[in-house]
Amino acid sequence: MNEKQLIEYYKEIIKNNPKLEESILVDCDFAFDDDTDVKKDILICGEKSNYEIFPFGKTGDGSNYALLNGGNVAYISSEGECGIIARNVKEFFNIMLTCKYITDYFKQGIFDSIDNFKERFNQVNAATENPDIIETFIKSQNFETNIEKIYEMFVGGIITNPSLILQANPEEYEPWDDVFGTNQEYIEELRSKTK
């Protein structure tokens, strides 16, 4: 299965289980987006990107999750931040469903150590409303549940090189910040730590 087919595979399973779909919306802030104009909305101000963007999901605040032409998954916020967050579709769903609100991890320092990550992971997961429904799906898909491996997956996506760049047009505007609200400084620190 290629990455687009994998999205359709997960979409079919999740949409055919309304309780699972609702739990993912409530606990992970994720819904599939069938709006074919989403790509146009993301690039509405004439943004240029170093990747082709194929949006497939959204959050409650209008941010998007998109498949990139390299097979990575990116987060593109409604607030002018963007970045690669998973190396592929399976890792994206694995990370999202085990970590829940992905955006709660976009704070500098969270990925500095496994202990920082575990602390945030426990805080976010403590607020989960319907863990059993999501846990059943995680098991059915043989997703990774070991926190250290999930941390490695998440970091692996974030440090993907090249990073996603969205540049406003005309070019005198600054590029979008990365998901940590910086111009790549924190991501470069993470890259240097993983060498």
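A brief structural summary. Just so you know, these numbers come straight off a predicted model, no measurement behind them.

**Here we look at the overall build of the protein**
Scanning the protein from terminus to terminus reveals eight helices and eight strands. Relative to its 195 residues, the protein shows a buried fraction of 48%. Considering only intrachain contacts with a sequence separation of at least 6, the fraction spanning at least 24 residues in the protein is 61%.

**Observations concerning the environment of Ile7**
Locating Ile7 in the fold gives a position in helix 1 (residues 3–15). By relative accessible area, which is 7% here, Ile7 ends up buried. Setting aside chain neighbours within four positions, we find Ile7 in contact with Phe32, Phe56, Leu67 and Val89.

**Regarding the packing of helix 5 (residues 114–126) against helix 7 (residues 147–158)**
Between two packed helices, the angle of one axis relative to the other and the distance separating the axes together describe the packing. The contact between helix 5 and helix 7 brings their axes to 10 Å, and the two run at 105 degrees. Between helix 5 and helix 7, the crossing angle belongs to the class labelled roughly perpendicular. Between helix 5 and helix 7, the contacting residues are Ile114, Phe117, Lys118 and Phe121 on the first element and Ile147, Glu148, Ile150, Tyr151 and Phe154 on the second.

**Concerning the packing of aromatic side chains**
Using the criterion set out here, one finds 28 aromatic pairs in the structure. Considering the side-chain rings of Phe56 and Phe92, the 5.7 Å spacing of their centres and the 85 degrees angle between planes classify their relative orientation as edge-to-face. Of this pair, Phe56 sits in strand 3 (residues 53–58) while Phe92 is found in helix 4 (residues 89–99), placing the two residues 36 residues apart along the sequence. Across the pair, Phe92 and Phe56 agree in class, each one buried.

**A short note on helix 6 (residues 131–140)**
All of the buried residues in helix 6 are Ile134, Phe137 and Ile138. All buried residues of helix 6 lie within an arc of 105 degrees about the axis, which places them on one face of the element. Facing away from the buried surface of helix 6 by more than 90 degrees, the exposed residues are Asp132, Thr136 and Lys139. Packed against the buried residues of helix 6 are helix 1, helix 2 (18–28) and helix 4. Looking one or two residues beyond helix 6, the residue adopting positive phi is Asn142, at roughly 55 degrees.

**A word on the environment of Ile24**
Inspection of the secondary structure puts Ile24 in helix 2. On a C-alpha basis, the gap between Ile24 and Thr128 in space is 10.0 Å, while along the polypeptide they are 104 residues apart. Those residues in contact with Ile24 that lie beyond four places of it in its chain are Ile14, Asp29, Phe30, Met96, Leu97 and Ile134.

**Focus: the pattern of salt bridges**
Applying the stated criterion across every chain, the model contains six salt bridges. Lys100 is the salt-bridge partner of Glu135, the closest N and O atoms lying 3.9 Å from each other. Here the residue Glu135 occupies a position in helix 6, and Lys100 occupies one in the loop between helix 4 and helix 5, the gap between them amounting to 35 residues. Exposure remark for Lys100: the relative accessible area of 1% places this residue in the buried category. Among the ionic pairs, Lys118 bridges to Glu148, the shortest N-O distance being 3.0 Å.

**Here's the deal with helix 5**
Counted at 1.5 Å a residue, the expected span for helix 5 with its 13 residues is 18 Å, and the 18 Å between its end C-alpha atoms agrees. Inspection of helix 5 places Phe117, Arg120, Phe121 and Val124 among the buried residues, and these make up the whole buried set. The arc enclosing the buried residues of helix 5, seen along the axis, measures out at 105 degrees, which places them on a common side. Exposed residues pointing more than 90 degrees away from the buried face of helix 5 are listed as Asp115, Glu119, Asn122 and Ala126. Buried positions along helix 5 lie against helix 4 and helix 7.

Conventions we followed
Residues numbered from 1 in each chain as written. Predicted model: local features only at pLDDT ≥ 70, side-chain atom pairs only at ≥ 80, totals over all residues. Heavy atoms only, no water. Helix = DSSP H or I, 4+ residues; strand = E, 2+ residues; numbered from the N terminus. Buried < 20%, exposed > 50% of the residue type's maximum accessible area, 1.4 Å probe, protein only. Contact = heavy atoms within 4.5 Å. Axes fitted to C-alpha atoms, helices over the stretch in contact; angles between N-to-C directions. Parallel < 35°, antiparallel > 145°, perpendicular 65-115°, else oblique. Phe/Tyr/Trp six-rings, centres within 6.5 Å; stacked < 30°, edge-to-face > 60°. Arc of directions from axis to C-beta. Salt bridge = Lys/Arg side-chain N within 4 Å of Asp/Glu carboxyl O. Expected span 1.5 Å × (residues − 1).

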